[in-house]
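Residue-level structural notes
Chain by chain, the residues:
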Amino acid sequence: MSLLYIIAGERSGDAHGAKLMAALRDLSPVVEFAGAGGPLMRAAGGNAVADWVEEAGVVGLVEVLRNYGYFKREFDRMLGEITRRRPEAVVLIDYPGFNLRMARAIKKIDPGIRVLYYISPQVWAWNRSRIPKMARTLDLMLCIFPFEVELYRQSGLRAEFVGHPLVDELGDAAARGGIAREGDLVGLFPGSRMREVGALFPIMADAAALARLRQPELRFAAAAASDRLRNEMVAILEASRLPVDACHISVGQSRDLMQRAGCGLVASGTATLEAAFLGLPYALTYKVAYPTYLAARMLMRVKHLGIVNILAGREIVREFLQSDANPEKLSDEILRLSASEPERERLLADLRRITGMLGKPGTHARAAAAIAEFLDD
């Protein structure tokens, strides 16, 4: 390996990219890096890696359109660098809205540049017709879910299952971590974005208040992703039926809470997989604007929203979406999970089986080895 150009557009991708770069350097100490990511990738690769995740990590169509000029300039800058420097390969990490367009643009200008994708995008859930198009612009797909491999290979795209990065982040020891689980503690995880918190935490707080009326010994705690979100959650508590002092809100301690709580309510997203790894019996909940939900249901090609249920092929974690995401139903679920030890044990057994499908530690090292093997071929 000589020069690899790597692009990530979110903080999670920056973390994965930096670990992948370290693993690639272990295989080939002389490898050079260029591209765009965040502070971790820049520290691993040097000044040729731009730090843009603060600007690039916007969410939502409106935000993307508002920043269209910036994204267009960065897209053109990166594409120019790639065509000028002709790296041995371009490695795209997640961030499909930007990176899949970049792959098409690279192949249009120079089909000889090899384009590899790490952290496979979940097009199988939304638009499987994109997979044959991806096969025409990508040379290797590194998958984090085992069932993805055959979907990509059917379209002629070389694909390898390397495992899920969460296995490395959490590890077998972290699944308990020596932290005692508190059966009467209920964890509330409303998400890491302001919109999610605004939509879900009022419902979670009112559900907690109803559950507390019926089972006064229950205690509640919530996880905030930032001080700003914590302040918003405190304001929501003040307007809810749950007293502010009845729910402790911590910042940056979601995994600790997942290990301590007896059960929880978790917003749809990566946190649901973290909860599964950390052995938390939980219910999934999510709520968006109705037009957004309707459009999503029309596009979705899977029966369930939660990745744990998708992997299981059935609902092992109950999903409370849209009108079902209400205080009454979520309160009933809190009480069900709190009261039934056999039910919790059955759920935990299913969660252990599902997370066991996602490989062993060493995901980034396996991804680096797959890249090196592909380039040697």
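The next point concerns the overall build of the protein chain. Of regular secondary structure, the protein chain possesses 19 helices and 13 strands. Its C-alpha atoms give the protein chain a radius of gyration of 22 Å, within 12% of the compact-globule value 21 Å for 377 residues. Seen along its three principal axes, the alpha-carbon backbone of the protein chain occupies a region of about 65 × 40 × 40 Å. Out of the 377 residues belonging to the protein chain, those deemed buried represent 52%. Restricting to contacts in the protein chain with at least 6 residues of sequence separation, those with at least 24 account for 68%. Carbon and sulfur atoms form 53% of the exposed surface of the protein chain, whose accessible area is close to 16,800 Å².

With that settled, consider the packing of helix 11 (residues 194-214) against helix 17 (residues 327-339). Between helix 11 and helix 17, the shortest axis-to-axis distance is 8 Å and the interhelical angle comes to 55°. In terms of axis orientation, helix 11 runs oblique to helix 17. Note on packing geometry: the crossing formed by helix 11 with helix 17 is right-handed. Within the contact between the two elements, helix 11 uses Ile203, Asp206, Ala207, Ala208, Leu210, Ala211 and Arg214 and helix 17 uses Pro327, Glu328, Leu330, Ser331, Asp332, Ile334 and Leu335.

A word on the sheet that holds strand 3 (residues 49-51). Overall, parallel pairing links the seven strands, which are arranged 3-2-1-4-5-6-7 in an open sheet. Unpaired on one side and paired on the other, strand 3 and strand 7 (159-161) mark the two borders of the sheet. When the angles between neighbouring strand axes are averaged without regard to direction, this sheet yields 20°. Here strand 4 (residues 89-93) pairs with strand 5 (residues 114-118) via five bridges, running parallel. Looking at the pairing, Val90 lines up with Val115 of strand 5. Relative to the sheet, helix 6 (residues 96-109) contacts strand 1 (3-8), strand 4 and strand 5, its axis offset from that of strand 5 by approximately 165°.

What follows covers the packing of aromatic side chains. This structure, assessed with the given rule, holds eight aromatic pairs. Aromatic pair Trp52 and Tyr95: ring centres 5.9 Å apart, planes at 85°, arrangement edge-to-face. Residue Trp52 is found in the loop between strand 3 and helix 3 (53-56), and its partner Tyr95 is found in the loop between strand 4 and helix 6; the two are separated by 43 residues along the sequence. When sorted by exposure, Trp52 lands in the same class as Tyr95, which is buried.

Let's shift gears to the pattern of salt bridges. Enumeration over the complete set of coordinates arrives at 25 salt bridges. Linking Asp206 and Arg241 is a salt bridge whose minimum nitrogen-to-oxygen distance equals 3.6 Å. Of this pair, Asp206 sits in helix 11 while Arg241 is found in the loop between helix 12 (227-238) and strand 10 (247-251), placing the two residues 35 residues apart along the sequence. Asp206 gets classed as buried once you look at its relative accessible area, which sits at 17%.

We now examine the sheet that holds strand 9 (residues 219-224). Overall, parallel pairing links the six strands, which are arranged 10-9-8-11-12-13 in an open sheet. What marks the edges here is a single partner per strand, and that holds for strand 10 and strand 13 (319-321). Between one strand axis and the next, the sheet turns by 20° as a mean value, whatever way the strands run. Taken together, the five bridges between strand 9 and strand 10 define a ladder with parallel strand orientation.

Conventions used here
- Residues numbered from 1 in each chain as written.
- Predicted model: local features only at pLDDT ≥ 70, side-chain atom pairs only at ≥ 80, totals over all residues.
- Heavy atoms only, no water.
- Helix = DSSP H or I, 4+ residues; strand = E, 2+ residues; numbered from the N terminus.
- Rg over C-alpha atoms; globule rule 2.2 N^0.38 Å.
- Buried < 20%, exposed > 50% of the residue type's maximum accessible area, 1.4 Å probe, protein only.
- Contact = heavy atoms within 4.5 Å.
- Areas by Shrake-Rupley, 256 points an atom, 1.4 Å probe, with all protein chains shown as cover.
- Axes fitted to C-alpha atoms, helices over the stretch in contact; angles between N-to-C directions.
- Parallel < 35°, antiparallel > 145°, perpendicular 65-115°, else oblique.
- Left-handed = near helix turned anticlockwise from the far one by under 90°.
- Pairing = 2+ DSSP bridges.
- Phe/Tyr/Trp six-rings, centres within 6.5 Å; stacked < 30°, edge-to-face > 60°.
- Salt bridge = Lys/Arg side-chain N within 4 Å of Asp/Glu carboxyl O.

None of this, on its own, says anything about what the molecule does.
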